[in-house]
Amino acid sequence: MNVDQKEINKFSALAHQWWCEDGEFRTLHQVNPLRVSFIEQRVKSLTGLQILDVGCGGGILSEALAKKGAKVTGIDMAKASLKVAKLHLLESDLEVDYRCITAEALADISPESFDVVSSMEMLEHVPEPKSVIKACSELVKEGGWVFFSTLNRNLKSYLLSVVMAEHVLKLIPKGTHEYEKFIKPSELIRSAKEYGLFPKIMKGIHYNPLTKTFSMGGNADVNYIIAFQKA
């Protein structure tokens, strides 16, 4: 399987923190509204759409999409995270189908089943990101949308996302990211095109340490998100 057990263990150890908005995953809570808005701007209406959240973790994005009326499936290989995600549904009173399965395995049994597929901050945590990209293309319907967000690979990105974010500002736990696994936009776009996904818009995601807020737009030097459409 296209799974890094070290990464699974890393996130499983922090599973209890997923819904603590001031905890280890606070940046995901802060950036989540921007991601949902980015998806909505492309798809227009999420109501009734079949959406797959690949690498859903504790369900932060999955629940936000379900609140918009989408029929959401969330998949992840960290069982501890999925347990937290399922428990949180009791509090939020939402419906999300959480499953412990890889994107590749789901593509084998349910090809072209989703209107939208999202994979946020996940590609840099698997041994073979191209395999996930291929699976996402197989899972989305013709004309459907696939959204990827990840980290660019350059000196600026290393300094801001690793040195500053992990060691200086302590926004995320140390060891969250491995620089050599970062992906340049050109690499992501080239792989996506290979599997029939064509880029429609790309935006950078930026953090302001003074206001402690995220914004979207401008350059994609560090964190970025791309919307692809299946031909």
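Rules used throughout
Residues numbered from 1 in each chain as written. Predicted model: local features only at pLDDT ≥ 70, side-chain atom pairs only at ≥ 80, totals over all residues. Heavy atoms only, no water. Helix = DSSP H or I, 4+ residues; strand = E, 2+ residues; numbered from the N terminus. Rg over C-alpha atoms; globule rule 2.2 N^0.38 Å. Buried < 20%, exposed > 50% of the residue type's maximum accessible area, 1.4 Å probe, protein only. Contact = heavy atoms within 4.5 Å. Areas by Shrake-Rupley, 256 points an atom, 1.4 Å probe, with all protein chains shown as cover. Lys, Arg positive; Asp, Glu negative; His and termini not counted. Charge placed at Lys NZ, Arg CZ, Asp CG, Glu CD. Axes fitted to C-alpha atoms, helices over the stretch in contact; angles between N-to-C directions. Parallel < 35°, antiparallel > 145°, perpendicular 65-115°, else oblique. Left-handed = near helix turned anticlockwise from the far one by under 90°. Pairing = 2+ DSSP bridges. Patch = residues over 30% accessible without salt bridge, like charges linked within 9 Å, V, L, I, M, F, W, Y side chains within 5 Å. Salt bridge = Lys/Arg side-chain N within 4 Å of Asp/Glu carboxyl O. Core = buried A, V, L, I, M, F, W, Y, C linked by side-chain atoms within 4.5 Å. 1 Å grid on protein atoms, 1.4 Å probe; cavity = no way out; pocket = protein on both sides within 12 Å on 5 of 7 lines; lining within 4 Å. Points joined across faces, edges and corners; volume = space filled by probe spheres on them. Nonpolar A, V, L, I, M, F, W, Y, C, P; charged D, E, K, R; others polar.

Colleague: Talk me through the overall build of the chain; I want residue IDs and the actual numbers.
Modeller: The number of helices and strands found in the chain is eight helices and eight strands. Computed over its C-alpha atoms, the radius of gyration of the chain comes to 16 Å, within 12% of the 17 Å expected for a compact globule of 231 residues. Along the longest, intermediate and shortest principal axes, the C-alpha atoms of the chain span 45 × 40 × 35 Å. Here the chain holds 231 residues, and the buried ones make up 51% of them. Partitioning the contacts of the chain with sequence separation of at least 6, the portion at a separation of at least 24 is 70%. Taken as a whole, the chain presents about 10600 Å² of accessible surface, with 54% of it coming from carbon and sulfur. Charge centroids of the chain, computed over 28 positive and 28 negative side chains, lie 4 Å from each other.

Colleague: Outline the packing of helix 2 (residues 26–43) against helix 3 (residues 60–67), supporting the account with residue identities and numerical values.
Modeller: At a minimum axis separation of 10 Å, helix 2 and helix 3 run at an interaxial angle of 45 degrees. Taken as axis vectors, helix 2 and helix 3 run oblique relative to one another. Taken as a pair, helix 2 and helix 3 cross one another with a handedness that is right-handed. Where helix 2 approaches helix 3, its residues Leu-28, His-29, Asn-32, Val-36 and Ile-39 are matched on the opposing element by Ile-60, Leu-61, Ala-64 and Leu-65.

Colleague: Summarise the sheet that holds strand 6 (residues 197–208); cite the residues concerned and give the values.
Modeller: Reading across the sheet, the eight strands line up as 3-2-1-4-5-8-6-7 and stay open at both edges, with mixed pairing between neighbours. Looking at strand neighbours, the two that pair on one side only are strand 3 (96–99) and strand 7 (213–216), the edges of this open sheet. Neighbour-to-neighbour, the strand axes of the sheet open up by a mean angle of 20 degrees, direction not taken into account. Pairing geometry for strand 6 and strand 8 (residues 223–230), over eight bridges, is antiparallel. Pairing of Pro-199 across the sheet is with Phe-228, part of strand 8. Relative to the sheet, helix 8 (residues 185–194) contacts strand 5 (140–151), strand 6 and strand 8, its axis offset from that of strand 8 by approximately 15 degrees.

Colleague: Residues and numbers for a nonpolar patch on the surface, please.
Modeller: On the surface, a nonpolar cluster with roughly 600 Å² of combined accessible area is contributed by Leu-155, Tyr-158, Leu-159, Leu-160, Met-164, Val-168 and Leu-169. Secondary-structure assignment places Met-164 in helix 7 (residues 155–168).

Colleague: Could you give an account of the nonpolar core, with specific residues and numbers?
Modeller: If you look at the biggest cluster of nonpolar residues, it comprises 28 residues, and the most contacted ones within it are Val-54, Val-117, Phe-148 and Leu-188. Elements that contribute at least two residues to this core include exactly strand 1 (50–54), helix 5 (103–109), strand 4 (114–120), helix 6 (129–139), strand 5, helix 8 and strand 8. Considering every element that reaches this core, the biggest residue donor is helix 6, with five residues. Every residue in contact with Val-117, bar those within four places of it in the chain, is listed here: Leu-52, Val-54, Cys-136, Leu-139, Val-140, Trp-145, Val-146 and Phe-147. Formed by 27 residues, the second largest nonpolar core is a distinct cluster that contains Val-96, Trp-145, Phe-147 and Ile-205.

Colleague: A description of the layout of surface pockets should follow, citing residues and the corresponding values.
Modeller: Of the pockets and cavities examined, the second largest pocket occupies roughly 190 Å³. Around the second largest pocket sit Trp-19, Glu-21, His-29, Asn-32, Pro-33, Val-36, Ile-60, Glu-63, Ala-64, Lys-67, His-88 and Ser-92, which together line it. Taken together, the residues of the lining of the second largest pocket break down into five nonpolar, four polar and three charged.

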